[in-house]
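These are the residues of each chain, in order.
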Amino acid sequence: VLDALAGALGAAVTLEALDGTVLGRAGTQASGVPPPPGARSGRALARALSRVDDDRAAVRLRPARGQRAWVVPVAVADELAARLWVSRPDSTTDADAGPEWPDRPVIERFSLLVALELLKRRRAAETELRLTRDLAVELVSGTGDERSLLDRARALGHDLTRPHTVVLVPDPAGAA
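This text gives an overview of the structure that appears in the document. (Residues numbered from 1 in each chain as written. Predicted model: local features only at pLDDT ≥ 70, side-chain atom pairs only at ≥ 80, totals over all residues. Heavy atoms only, no water.)

1. Some words on the side chain of E16
Piece 1. One can find E16 in strand β1 (residues 12-17).
Piece 2. Within polar-contact distance, the side chain of E16 engages the side chain of R83 at 2.7 Å.
Piece 3. There is a polar contact of 2.9 Å between the side chain of E16 and the side chain of W85. (Helix = DSSP H or I, 4+ residues; strand = E, 2+ residues; numbered from the N terminus. Polar contact = N/O pair within 3.5 Å; in protein donor to acceptor, adjacent residues only side chain to side chain.)

2. Some points on the pattern of salt bridges
Any two side chains of opposite charge can pair, on the condition that their charged atoms come close.
Piece 1. Tallying each qualifying case throughout the model produces 10 salt bridges.
Piece 2. The residue R83 makes a salt bridge to E16 at a minimum N-O spacing of 2.7 Å. A residue pair is termed long-range when its members are at least 10 positions apart, and R83 in strand β5 (residues 79-89) and E16 in strand β1 qualify at 67 residues. Of the two residues examined, R83 and E16, each falls in the buried class.
Piece 3. For R152, the salt bridge is made with E138, and the minimal N-O distance between the two is 3.0 Å. Taken together, the residues span a long stretch of sequence, with R152 in helix α5 (residues 146-155) and E138 in helix α4 (residues 104-141) at a distance of 14 residues. (Salt bridge = Lys/Arg side-chain N within 4 Å of Asp/Glu carboxyl O. Buried < 20%, exposed > 50% of the residue type's maximum accessible area, 1.4 Å probe, protein only.)

3. Digging into the environment of L149
Piece 1. Inspection of the secondary structure puts L149 in helix α5.
Piece 2. Of the residues examined, L149 reaches a relative accessible area of 9% and is grouped as buried.
Piece 3. Along the sequence, L149 and L139 sit 10 residues apart, while their C-alpha atoms lie 7.7 Å from each other.
Piece 4. In this structure L149 touches L135, E138, L139, T143, G144 and L160, once residues within four positions along its chain are discounted. (Contact = heavy atoms within 4.5 Å.)

4. Quick notes on unusual backbone geometry
Piece 1. A positive phi is found at R56, a non-glycine position, where the angle reads about 55°.
Piece 2. For R56, the position within the fold is in the loop between α2 (43-54) and β3 (59-61).
Piece 3. For R56, a relative accessible area of 37% corresponds to the partly exposed category.

5. As for the sheet that holds β1
One key point about sheets: their strands pair by backbone hydrogen bonds, in either a parallel or an antiparallel sense.
Piece 1. Ordered by their spatial adjacency, five strands build an open sheet running β2-β1-β5-β4-β3, and the pairing between neighbours is antiparallel. A strand with exactly one partner marks an edge of an open sheet, and here the two such strands are β2 (22-26) and β3. When the angles between neighbouring strand axes are averaged without regard to direction, this sheet yields 20°.
Piece 2. By the bridge criterion, four bridges tie β1 to β2 in an arrangement that is antiparallel. Residue pairing across strands places E16 opposite V22, the latter belonging to β2.
Piece 3. With respect to the sheet, α4 is in contact with β1, β4 (67-76) and β5, its orientation differing from that of β4 by roughly 45°. (Pairing = 2+ DSSP bridges. Axes fitted to C-alpha atoms, helices over the stretch in contact; angles between N-to-C directions.)

Shape descriptors only; they carry no functional weight alone.
What follows is the structure, encoded as structure tokens:
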């Protein structure tokens, strides 16, 4: 999805988690976009990111002379999950675009595709965790037939024919 957006706009595209961790990049990399989390001390940038995070609004920035960047919120299940940064050199038509920017609808539509991909990956991770937990419970409790347990473990990437060590650690808070 990021490659398609970068190709469609001729831009550098970066998907970052809310803590600033880069989740993916595509296109030619624009220097300094997005700025690393430690270098985001400017008031204008802080206000812009606040609009993205709090108001879930897309914003347009000029991170450096001759450069234009857009930051779009990516929400998954009505929860802000990431920021999509799109950057490229200013063009005369882009610089004169006024309050609206011509690429905004394209970027916002792609942000929906990114949100769907993030949701798909989140659901897959949750399902794998649940299946692994169910398998571990059955192994420890001794329920379930051996063939079924071996097949399910293999499907999750575990080889139960090899020796394993299981360590049970009690919860210090005493919760069940």
